[in-house]
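# What the coordinates show
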Amino acid sequence: MRTPVTIVGAGLGGLTLARVLHLHGIPVAVHEADPSPSARTQGGLLDIHDYNGQLAVAAAGLTQEFRAIVLEGRQAMRVLDRDGSVLFEQADDGTGGRPEVQRGDLRRILLDSLPAGTVRWGRKATAVRPLGGGRHEVAFSDGSGVVADLLVGADGAWSRVRPLLSAARPGYTGKSVVETYLADARTRFPATARAVGGGSMIAASSPDREIFAHRESGDTLHAYIGITEPLDWFAGLDVTDAAAVTARIAREFADWAPELLALITEADSAPVLRHLHALPAEHRWERVPGVTLLGDAAHLQAPNGEGANLAMLDGAELGLALAAHPDDVEAALAAYERDMFPRSAEAAELFPEGGSGDDAVHPVIGLLTGQGR
């Protein structure tokens, strides 16, 4: 296949696609809004699953590099009640299929696997328009532009490419999270470090209030404080006043165990409020020549542990489809979408909704013990 591929977005999915295309000798360029690879932090830990994310790593020929960045012991998982009681615990015995890596490390090995100049930094897409015949023009904020013979939107939740295919827009899920970090936890907050354990921890008193935390590289605890409320509930929070946001969120967890509350009140950095959005679970589109989507641009979901894995598998599967149909791009895109649509819809149903109290955590226990998938 000699048709050059234009990818908008250098996240994990877009970079996986670029790597698979490179391996198969298909010309590709990736346009990314960030001005450089280090322009912003890349999030925390990701568990990369043997049934999707690791398949993408293998297709990209990066299994050895992947194994080198795995954080041993981080597959350990525990579920707590709000009083700190352990409801479920699973040690990391090294046989699990979801090793944990830092997102930034995973992105780095993908970037390092591409020829210099593949990623064009500082290219924020501002507009995309069809030109006919399956070609599309992408305009960037720096005043430049490109005409794509084959365009892939890997540009996330608020994709500029998606409107070419679908009128769908992400809707608020009803849940928001406040993100916090505690450094040197074993030394400074030993009770909190023990509560989180060696890997990940989930604590919930109801579906409306929950805390998810994991131990990152070194001794940093990274937490997401989940609050299920309408957007109006958050409207009065001044996100520029870190102390006020912390105090307001802490009041919602005032009767929780002190070692869990510390994940809110003792954070080292200003709390970051994130409203969670999702596309419809069955989101799909009719085939449009010369363009497709992957990852969050195609199937944004509320966080369920599958997002990065699905994005990478999308990238790998699309790359392999294009390599398998060197003389028929449309056949490749149709084959990719035919498999991607049901795969993403199934993943959107991974975690049941509803319930209260213990009902909020028992479905998670079922999933962790293999009874829920």
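Scroll up to find the structure this text is about.
Residues numbered from 1 in each chain as written. Predicted model: local features only at pLDDT ≥ 70, side-chain atom pairs only at ≥ 80, totals over all residues. Heavy atoms only, no water.

### With respect to empty space enclosed by the protein
The condition that has to hold: Put simply, the grid is 1 Å and covers the protein atoms alone, a cavity is a trapped set of points that fit a 1.4 Å probe, a pocket is an open set with protein on both sides within 12 Å along at least five of seven lines, and lining residues have an atom within 4 Å of a point. Grid points are joined across faces, edges and corners, and a volume is the space filled by probe spheres set on the points. Runs of E in the DSSP output that reach at least two residues are strands. Runs of H or I that reach at least four are helices, and both are numbered from the N terminus. Charged residues are taken to be Asp, Glu, Lys and Arg, nonpolar residues to be Ala, Val, Leu, Ile, Met, Phe, Trp, Tyr, Cys and Pro, and polar residues to be all remaining types, Gly included.
Within this structure, the stated rule accounts for two cavities of 30 Å³ or more. Size it by volume and the largest cavity reaches roughly 40 Å³. The wall of the largest cavity is formed by Thr16, Ala56, Val57, Ala60, Leu62, Leu106, Ile109, Leu110 and Met312. Considering every element that reaches the lining of the largest cavity, the biggest residue donor is helix α4 (residues 103-112), with three residues. Of the residues assigned to the lining of the largest cavity, the class counts are eight nonpolar, one polar and no charged.

### Let's talk about the packing of aromatic side chains
Rule in force here: By convention, a stacked pair of Phe, Tyr or Trp rings (six-membered ring in the case of Trp) has centres within 6.5 Å and planes under 30 degrees apart, an edge-to-face pair has planes over 60 apart, and any other such pair is tilted. Burial here depends on accessible area, computed with a 1.4 Å probe over protein chains only, as a share of the maximum for the residue type. Under 20% is buried, over 50% is exposed, and the range in between is partly exposed.
Inspection of the entire model under this criterion finds four aromatic pairs. Between Trp233 and Phe234 the ring centres are 4.9 Å apart and the planes differ by 75°, which places this aromatic pair in the edge-to-face class. A relative accessible area of 5% means that Phe234 is categorised as buried. When the ring of Trp285 is compared with that of Phe341, the centres are 4.8 Å apart and the planes differ by 85°; the resulting orientation is edge-to-face. Of this pair, Trp285 sits in the loop between β16 (272-278) and β17 (291-293) while Phe341 sits in helix α12 (residues 329-348), placing them 56 residues apart in sequence. The burial state of Trp285 is the same as that of Phe341; both residues are buried.

### Thoughts on the packing of helix α1 (residues 12-23) against helix α11 (residues 307-324)
Going by this rule: The convention used is that axes are lines fitted to C-alpha atoms, helices contributing only their stretch in contact, and that angles between N-to-C directions extend from 0 to 180 degrees. Relative orientations are named as follows: roughly parallel for angles under 35 degrees, roughly antiparallel for angles over 145 degrees, roughly perpendicular for angles from 65 to 115 degrees, and oblique for any other angle. The crossing is said to be left-handed when, going from far helix to near helix, the turn is anticlockwise and less than a right angle, and right-handed when the turn is clockwise. Contacts are residue-level and defined by heavy atoms, with any inter-residue pair within 4.5 Å sufficient.
At a minimum axis separation of 7 Å, α1 and α11 run at an interaxial angle of 25°. Overall, the two elements α1 and α11 adopt an arrangement that is roughly parallel. At the point where α1 passes α11, the crossing takes the right-handed sense. For the pair α1 and α11, the contacting residues are Leu12, Gly13, Thr16, Leu17, Val20 and Leu21 in the first and Ala308, Ala311, Met312, Gly315, Ala316, Leu318, Gly319, Leu320 and Leu322 in the second.

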